[in-house]
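Here is how the chains run, residue by residue.
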Amino acid sequence: MKYSRFAAMIITSTIAMFVMMYLNTYAVSHIWFSETRIYMALYMGAGMAMIMLAFMLGMYSNKKLNMAIFLLATILFAICLYLVRSQSTISDTAYMKAMIPHHSIAILTSEHSTLEDVRVRELANGIIKAQRKEIKEMEWLIKDISENGKVSSQAQAEQRPLPKFEGTLNKGD
């Protein structure tokens, strides 16, 4: 089997994993490009390359190339895992763009769950309201930072306060 086919399979699967990470968001408007999700897809792709190559070593006989693939995949995995866990490259806006889909997932799972315990349903409803409110706040902050720049002091924050948003249980908020 050709190594180019192996590379195409890994690249295609990595792109598919990136896209699939957004499939469980509650609303299409909650899908924002996320640097964090790029790193996650890359470390999953690197891990998959190592696992798949290990299972298919008999099909790929170039030992030097196999070792190079294992080494590069290991390095990519380690770098991307570090970037996800450290968040060292994530700016204020990138943070919020990653958090909006995350909050949206909480809305989806809380709203669609078949919960029987009244206390758990009450907890889920509180989560729905809180996540909707926080999504509105993050969307407002992304726009404000884009248009007016970052706030770096308490005095500036007082001049550009976050509007009061309410969370609701229904989508029409």
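What counts as what
- Residues numbered from 1 in each chain as written.
- Predicted model: local features only at pLDDT ≥ 70, side-chain atom pairs only at ≥ 80, totals over all residues.
- Heavy atoms only, no water.
- Domains from an automatic or database assignment.
- Buried area = accessible area lost by both parts, 1.4 Å probe.
- Salt bridge = Lys/Arg side-chain N within 4 Å of Asp/Glu carboxyl O.
- Polar contact = N/O pair within 3.5 Å; in protein donor to acceptor, adjacent residues only side chain to side chain.
- Nonpolar A, V, L, I, M, F, W, Y, C, P; charged D, E, K, R; others polar.
- Phe/Tyr/Trp six-rings, centres within 6.5 Å; stacked < 30°, edge-to-face > 60°.
- Helix = DSSP H or I, 4+ residues; strand = E, 2+ residues; numbered from the N terminus.
- Buried < 20%, exposed > 50% of the residue type's maximum accessible area, 1.4 Å probe, protein only.

The accessible area lost on association of the parts is a frequent measure of interface size. Taken domain by domain, the protein comprises domain 1 (3–86) and domain 2 (92–159). One C-alpha centre belongs to domain 1, the other to domain 2; they are set 29 Å apart. Roughly 1200 Å² is buried in total at the junction of domain 1 and domain 2, and carbon and sulfur atoms are behind 63% of that figure. Sorting the residues of domain 1 by area buried against domain 2 places Tyr26, His30 and Trp32 first, and these three jointly supply 56% of that buried surface. The interface formed by domain 1 and domain 2 includes zero salt bridges. On inspection of domain 1 and its partner domain 2, the count reaches five residue pairs in polar contact (both at pLDDT 80 or more). Here the residues of the side of domain 1 that touches domain 2 sort into five nonpolar, six polar and two charged.

Below, the discussion takes up the packing of aromatic side chains. Tallying each qualifying case throughout the model produces five aromatic pairs. Centre to centre, the rings of tyrosine 3 and tyrosine 60 are 4.9 Å apart; their planes meet at 50°, and the pair counts as tilted. In this pair, tyrosine 3 is assigned in helix H1 (residues 3–20) and tyrosine 60 in the loop between helix H2 (35–55) and helix H3 (63–86), connecting sequence segments 57 residues apart. Ring geometry for phenylalanine 18 and tyrosine 22: centres 5.4 Å apart, planes at 75°, overall edge-to-face. Here phenylalanine 18 falls in the buried class, since its relative accessible area comes to 17%. Taking the relative accessible area as the measure of exposure, tyrosine 22 reaches 7% and is therefore buried.

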